[in-house]
Amino acid sequence: MPLARRQRARGLTFNVNDDSQWTVGEYWALAAAALGYPPPPQVTWAQAQAQLSPMVLSFWSESRRLRNARMKRVLGLQLRYPTAQEGLAQA
């Protein structure tokens, strides 16, 4: 039975994520490096507004850093790869 279906987690919502506190740009640079590619270009918010659709801008403006302490505490999880860097190294 999946962990979230256990009685103690019933009715709770979890943001599932690792322990990383990187920005999205930092993550994509890390992923590119792991695959042997140069980091993607970074643009200012003004440049993004000129280049991206309203839907994409809406997504990026709502991007948040998440904490996973409740997920680990309530579900009793110990992450195999606590950060994206550790996970990407094993990929």
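Residues numbered from 1 in each chain as written. Predicted model: local features only at pLDDT ≥ 70, side-chain atom pairs only at ≥ 80, totals over all residues. Heavy atoms only, no water.

Caption draft 1: Broad picture of the overall build of the protein chain. The secondary structure content of the protein chain amounts to five helices and zero strands. Its C-alpha atoms give the protein chain a radius of gyration of 17 Å, more than 25% over the compact-globule value 12 Å for 91 residues. Seen through its C-alpha atoms, the protein chain measures out along the principal axes to roughly 50 × 30 × 20 Å. When the 91 residues of the protein chain are sorted by exposure, 14% land in the buried category. When contacts within the protein chain are restricted to residue pairs at least 6 apart in sequence, long-range pairs at least 24 apart make up 71% of them. Surface summary for the protein chain: the accessible area is close to 7400 Å², and the carbon and sulfur share equals 56%. Of the side-chain charges in the protein chain, 11 are positive and 5 negative, and the distance between the mean point of each set is 14 Å. (Helix = DSSP H or I, 4+ residues; strand = E, 2+ residues; numbered from the N terminus. Rg over C-alpha atoms; globule rule 2.2 N^0.38 Å. Buried < 20%, exposed > 50% of the residue type's maximum accessible area, 1.4 Å probe, protein only. Contact = heavy atoms within 4.5 Å. Areas by Shrake-Rupley, 256 points an atom, 1.4 Å probe, with all protein chains shown as cover. Lys, Arg positive; Asp, Glu negative; His and termini not counted. Charge placed at Lys NZ, Arg CZ, Asp CG, Glu CD.)

Caption draft 2: Seen up close, the pattern of salt bridges. Going through the model one piece at a time under the given rule, you end up with one salt bridge. Linking Lys72 and Asp19 is a salt bridge whose minimum nitrogen-to-oxygen distance equals 2.9 Å. Taken as a pair, Lys72 in helix α4 (residues 69-75) and Asp19 in the segment before α1 (24-34) lie far apart in primary sequence, 53 residues in all. Judged by relative accessible area, Asp19 falls into the partly exposed class, the value being 32%. (Salt bridge = Lys/Arg side-chain N within 4 Å of Asp/Glu carboxyl O.)

Caption draft 3: Spotlight on a nonpolar patch on the surface. On the surface, a cluster of nonpolar side chains totalling about 600 Å² of accessible area is made up of Trp28, Trp45, Leu52, Val56, Phe59 and Trp60. Sort the elements by how many residues they give to the nonpolar patch and helix α3 (residues 54-61) lands first, with three residues. Checked against the element boundaries, Leu52 lands in the loop between α2 (45-51) and α3. A relative accessible area of 34% means that Leu52 is categorised as partly exposed. (Patch = residues over 30% accessible without salt bridge, like charges linked within 9 Å, V, L, I, M, F, W, Y side chains within 5 Å.)

Caption draft 4: Just the environment of Gly25, in detail. Position of Gly25 among the secondary structure elements: in helix α1. With relative accessibility at 31%, the residue Gly25 sits in the partly exposed group. Considering only alpha carbons, one finds Gly25 and Ala89, 64 residues apart in sequence, at a separation of 18 Å.

The quantities given are spatial measurements derived from coordinates; they are silent on function.
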